[in-house]
Amino acid sequence: MAKRWYVLHTYSGYENKVKTDILHRIESMGLEDQIFDIQIPMEEVTEIKEGGRRVTSEKKVLPGYVLIRMELDDRAWSAVRNTPGVTGFVGAEGKPVPLARDEYNKIMRRSSKGEIPKRTSTDLQVGETVKVTAGPLADFDGIISEVDVQSGKVKVMVSIFGRETPVELSFEQVAQID
């Protein structure tokens, strides 16, 4: 039988508990030769807080889901399915459907180099007035005209010598004005 990746649906927030419980079940039921790996897909997210402070944390890519690599037979299926917190396998009509390799790679956020990309989030919005906090335009105020979350940059319209001038700045170089 083939070792394949399957997706388990769990109660949201119980992913780590489900992983721990399945690991204990593998040991106590002697399923080491049928269940090989359990993953909770995570990504590093950088948030910009007040004053341009960057806070990096790990967030679940798929809250409420756990990936499990196993040989699917009745004994292993039953052990996993009856783990507290597991609501079932993802698949048609309750039948587990294995993930394709490229689906697994997408979920695990792996690029061709095997790196996990970082994501930046911010609550900066187009039309919002901000103060430039760093660089040659420090202490200037401006209005955000574009937000590029992927690159961590904003385009701010700053009035220089009475003319609106677009300036590209990183999230760290601006602060929201209350």
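Our structure is the block above this text.
Residues numbered from 1 in each chain as written. Predicted model: local features only at pLDDT ≥ 70, side-chain atom pairs only at ≥ 80, totals over all residues. Heavy atoms only, no water.

Participant: What exactly am I supposed to notice about the environment of Lys-153 here?
Facilitator: Looking at the secondary structure, you find Lys-153 in strand S10 (residues 153-160). We classify Lys-153 as partly exposed; its relative accessible area is 31%. Along the backbone, Lys-153 and Phe-171 are 18 residues apart, and their C-alpha atoms lie at a distance of 5.5 Å. (Helix = DSSP H or I, 4+ residues; strand = E, 2+ residues; numbered from the N terminus. Buried < 20%, exposed > 50% of the residue type's maximum accessible area, 1.4 Å probe, protein only.)

Participant: Looking at this structure, how should I read the sheet that holds strand S9 (residues 141-148)?
Facilitator: In a beta sheet, neighbouring strands pair by backbone hydrogen bonds and run either parallel or antiparallel. One open sheet accounts for five strands, arranged S11-S10-S9-S8-S12; its pairing is antiparallel. Strands with a single pairing partner mark the edges of an open sheet, and in this sheet they are strand S11 (163-170) and strand S12 (174-176). This sheet shows a mean twist of 45° between the axes of neighbouring strands, independent of strand direction. Here strand S8 (residues 129-132) runs beside S12; their pairing, made up of three bridges, is antiparallel. Its bridge partner lying in S12, Val-132 is registered against Val-174. (Pairing = 2+ DSSP bridges. Axes fitted to C-alpha atoms, helices over the stretch in contact; angles between N-to-C directions.)

Participant: Help me understand the pattern of salt bridges in this model?
Facilitator: Where charged atoms from two side chains of opposite charge come close, those side chains can pair. This structure, assessed with the given rule, holds four salt bridges. Between Glu-15 and Lys-60 there is a salt bridge; the shortest N-O distance is 3.6 Å. One end of the pair, Glu-15, is in helix H1 (residues 15-29); the other, Lys-60, is in strand S4 (residues 54-60), with 45 residues separating them in the sequence. With a relative accessible area of 1%, Glu-15 lands in the buried category. Put simply, Lys-155 and Glu-146 hold a salt bridge, and the shortest N to O gap is 3.7 Å. Residue class for Lys-155 comes out partly exposed when judged on its relative accessible area of 27%. Residue class for Glu-146 comes out partly exposed when judged on its relative accessible area of 45%. (Salt bridge = Lys/Arg side-chain N within 4 Å of Asp/Glu carboxyl O.)

Participant: I'm lost on helix H2 (residues 74-81) in this one. Help?
Facilitator: Ala-76, Ala-79 and Val-80 are the residues of H2 that are buried. One face of H2 carries all of its buried residues, which in axial projection span an arc of 95°. In this fold, the buried residues of H2 make contact with strand S1 (4-10), H1, strand S2 (35-39), strand S5 (65-70) and strand S6 (86-89). (Arc of directions from axis to C-beta. Contact = heavy atoms within 4.5 Å.)

Participant: Any chance you could explain the packing of aromatic side chains here in plain terms?
Facilitator: Describing an aromatic ring pair means giving the distance of the ring centres and the angle of the ring planes. Applying the stated criterion across every chain, the model contains three aromatic pairs. Ring plane angle 90° and centroid distance 6.2 Å describe the contact between Tyr-6 and Phe-89, whose orientation is recorded as edge-to-face. On the criterion of sequence distance, the pair formed by Tyr-6 in strand S1 and Phe-89 in strand S6 is long-range, its members being 83 residues apart. Take Tyr-6 and Phe-89: they sit in the same class, and that class is buried. Consider the rings of Tyr-11 and Tyr-14, whose centres lie 6.0 Å apart with planes at 70°: the pair is edge-to-face. When its relative accessible area of 47% is taken as the criterion, Tyr-11 is described as partly exposed. (Phe/Tyr/Trp six-rings, centres within 6.5 Å; stacked < 30°, edge-to-face > 60°.)

Participant: I keep staring at the pairing of S9 and nothing clicks. Help me out?
Facilitator: Two faces make up the sheet, and in a regular strand the side chains alternate between them. Inspection of the sheet shows S8 paired to S9 by three bridges, in the antiparallel sense. Bridging across to S9, Thr-129 finds its partner in Ile-143. Note that S9 and S10 share six bridges and pair antiparallel. By the bridge assignment for S10, Glu-146 is matched with Lys-155. The hairpin turn running from S9 into S10, its antiparallel successor, is four residues long, and Gly-152 in that turn takes a positive phi close to 75°.

Participant: Explain the side chain of Thr-83 here, please?
Facilitator: Structurally, Thr-83 is set in the loop between H2 and S6. Only 2.8 Å separates the side chain of Thr-83 from the backbone oxygen of Ala-79, close enough to count as a polar contact. Setting aside chain neighbours within four positions, we find Thr-83 in contact with Val-18, Asp-21, Ile-22 and Arg-25. (Polar contact = N/O pair within 3.5 Å; in protein donor to acceptor, adjacent residues only side chain to side chain.)

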